[in-house]
Amino acid sequence: MTQFAETASADTRPIATTQSGAVAGVDDGAITRFLGVPYAAPPVGALRFAEAQPPQPWSDVRDATQRGCIAPQYTPSAAELEKALPGLDIEPLIGGNQVQGDDFLVLNIWKPSGPQTALPVMVFIHGGAFTGGAGAADVYDGSAFARQGIVCVTINYRLGIEGFLPIPGAPTNLGLRDQIAALKWVQTNIAAFGGDAGNVTVFGESAGAMSVANLLTSPLAKGLFRRAIVQSGHGDMVRPIPVAQRLVKKLAKMLRVRPTLEGFRSTSIADAVDALRRISQPTAHIDLRDAHGREPAFGLSKFLPVYGDDVLPEHPLVALRNGAGAEVELLIGANTEEMNLYFVPSGVKRKIGKFLANFAVKRAEPKAKEILRAYGINERGKRPGDAFTEALTDLVFRLPARRFAQAHRGRTHVYEFAWRSSAYNKQLGACHAMELPFVFDTLATVSGPKGMAGGAPPQDLAAQLNKIWGEFAKTGALPWPAYDEQRLACTLDTGVVAAEQPFIAERFLP
């Protein structure tokens, strides 16, 4: 493997030389950052709906001191965000204030200052329902990992129609293929930044965690990473290709094109983003249930990875049980009140009644009525919204994550994150994405009157979680036992390790 060296230029900027050319970052005396470094060519023109290709080489030193473009996506207005999530500032999590553009297949790198060799590497895949998000969002700043002696990388990838629509004639799972291309770039180039290509940990949250879970089982990603961390994700949010092609036909009709590669290439990216916005509305009815009447995303996203191709030849859980990814050390977990993010700010948890709760779950789960009854929806003194939120937290996140842990044939550790935010009069709790600013030790980005972490989140817990993640990336070590037959899980904010308790929903599912 080609080795590169980081050098200092005449203007004192740190420079690293990749296979495509040299890039100049910025150094603050402790951390060196390289932002917006291309790992693939812009996926436009003839490369639209095609597999990622290497970037065109450049001869001058490329500036890598500013965040690059982000993938085309629908960006809600401030008024729309305030209506959906009143009183909550989520810009630090989604990065929607960044510039969209063609050259968005880029990554960002944080490393300790000065020349380094053989440092452990962490590669983060952002979430956003497979339709939004950005690798350089504020909460994903990798400086704290760099201070631990780790090279931290965050990436962008294709989203929505461009990345997760199985269009006939085009490669499937282009978003996952982009992630694989980024991991291959890391294998080839990370030594230029002091990293060890043989010690890579890939981690992600939400859709990024689903991606990590999928990559762990993909034959195309085999050998590209040694460890994986799956935060609020699992391998169940995938669709069979024939089911996902219903979405292809629906979108083609909306765009007034044929449901083919040529048809979708004839549309503008702006029109495709607008169609994504319209199809994502709750009023845009399309049946994406599988043969068993289940919808694995529970309505959170119509765009999901598909299985039955060369990226995911079989369902990820089937692949796990057959030994896929057994060589990868896995850390997986979820937050105890995941669905609060969706239902507390919107008022759904407080207002929804039994009829609507049953209707909403029934659209994704045939045994909705029985499950909600088991969660206490008919109990006197318990609001229907509480039972609804608890049931969906387990159905969408917690239970599938445990099933993924059980299916993995390699070393597996399981966590829960239960620290409760004070936001929304302490009702937001341990919601979806709450662990992120603790893992990255970036609490300042989400603290304050509109911050999701509330007014005074515990900095010592952030330092602790950042260190736990970092130590796992360095050596695979964790301060609690493996999952194994005892099925032990660690509640991170308390340090309590105990055998997992059965989930109420478990007895209703196959």
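As a starting point, this report considers the structure included with it. (Residues numbered from 1 in each chain as written. Predicted model: local features only at pLDDT ≥ 70, side-chain atom pairs only at ≥ 80, totals over all residues. Heavy atoms only, no water.)

## What to know about the packing of helix α7 (residues 241–255) against helix α9 (residues 269–279)
Then step 1. One way to put it is that α7 packs onto α9 with a least axis distance of 10 Å and a crossing angle of 120°. Handedness of the crossing formed by α7 with α9: right-handed. When α7 is examined against α9, the residues Leu-247, Lys-250, Leu-251, Met-254 and Leu-255 are found in contact with a partner set consisting of Asp-271, Ala-272, Ala-275, Arg-278 and Ile-279.
Then step 2. Per-class residue counts for the contact of α7 with α9 are seven nonpolar, no polar and three charged. (Axes fitted to C-alpha atoms, helices over the stretch in contact; angles between N-to-C directions. Helix = DSSP H or I, 4+ residues; strand = E, 2+ residues; numbered from the N terminus. Left-handed = near helix turned anticlockwise from the far one by under 90°. Contact = heavy atoms within 4.5 Å. Nonpolar A, V, L, I, M, F, W, Y, C, P; charged D, E, K, R; others polar.)

## A word on the sheet that holds strand β5 (residues 31–38)
Then step 1. One open sheet holds the 11 strands; their spatial order is β4-β5-β7-β9-β8-β10-β11-β14-β15-β16-β17, and the pairing between them is mixed. Every other strand in the sheet has two partners, leaving β4 (26–27) and β17 (496–499) as the edge strands with one partner each.
Then step 2. Strand direction decides the pairing type here: strand β14 (residues 329–335) and strand β15 (residues 412–417), joined by six bridges, are parallel. When the sheet's bridge partners are listed, Ala-334 is paired in β15 with Glu-416.
Then step 3. Here helix α5 (residues 174–189) sits on the sheet in contact with β5, β7 (106–112), β8 (119–125), β9 (151–155) and β10 (195–205), set at roughly 155° to β10.
Then step 4. Contacts from helix α6 (residues 207–217) reach β8, β10, β11 (227–231) and β14, with the element oriented near 130° to β10. (Pairing = 2+ DSSP bridges.)

## Side note on the packing of aromatic side chains
Then step 1. Enumeration over the complete set of coordinates arrives at 15 aromatic pairs.
Then step 2. Pairing Tyr-415 with Trp-469 gives two aromatic rings, centres 5.4 Å apart and planes at 65°, and the pair type is edge-to-face. Of this pair, Tyr-415 sits in strand β15 while Trp-469 sits in helix α18 (residues 459–475); the two residues are 54 residues apart in sequence, bridging distant segments of the chain. For the pair formed by Tyr-415 and Trp-469, the shared burial category is buried.
Then step 3. Positioned above the aromatic ring of Trp-58, the side-chain terminus of Arg-62 is 5.4 Å from the ring centre.
Then step 4. Over the face of the ring belonging to Tyr-74 we find Arg-277, whose NZ or CZ atom lies 6.0 Å from the ring centre. (Phe/Tyr/Trp six-rings, centres within 6.5 Å; stacked < 30°, edge-to-face > 60°. Buried < 20%, exposed > 50% of the residue type's maximum accessible area, 1.4 Å probe, protein only. Lys NZ or Arg CZ within 6 Å of the ring centre and 35° of its normal.)

## As for the pairing of β8
The two faces of a sheet get side chains in turn, since along a regular strand they alternate between them.
Then step 1. The buried fraction of β8 amounts to seven of the seven residues, a majority that puts the element mostly inside the structure.
Then step 2. Strand direction decides the pairing type here: β8 and β10, joined by six bridges, are parallel. The residue of β10 that forms the bridge with Val-121 is Val-200.

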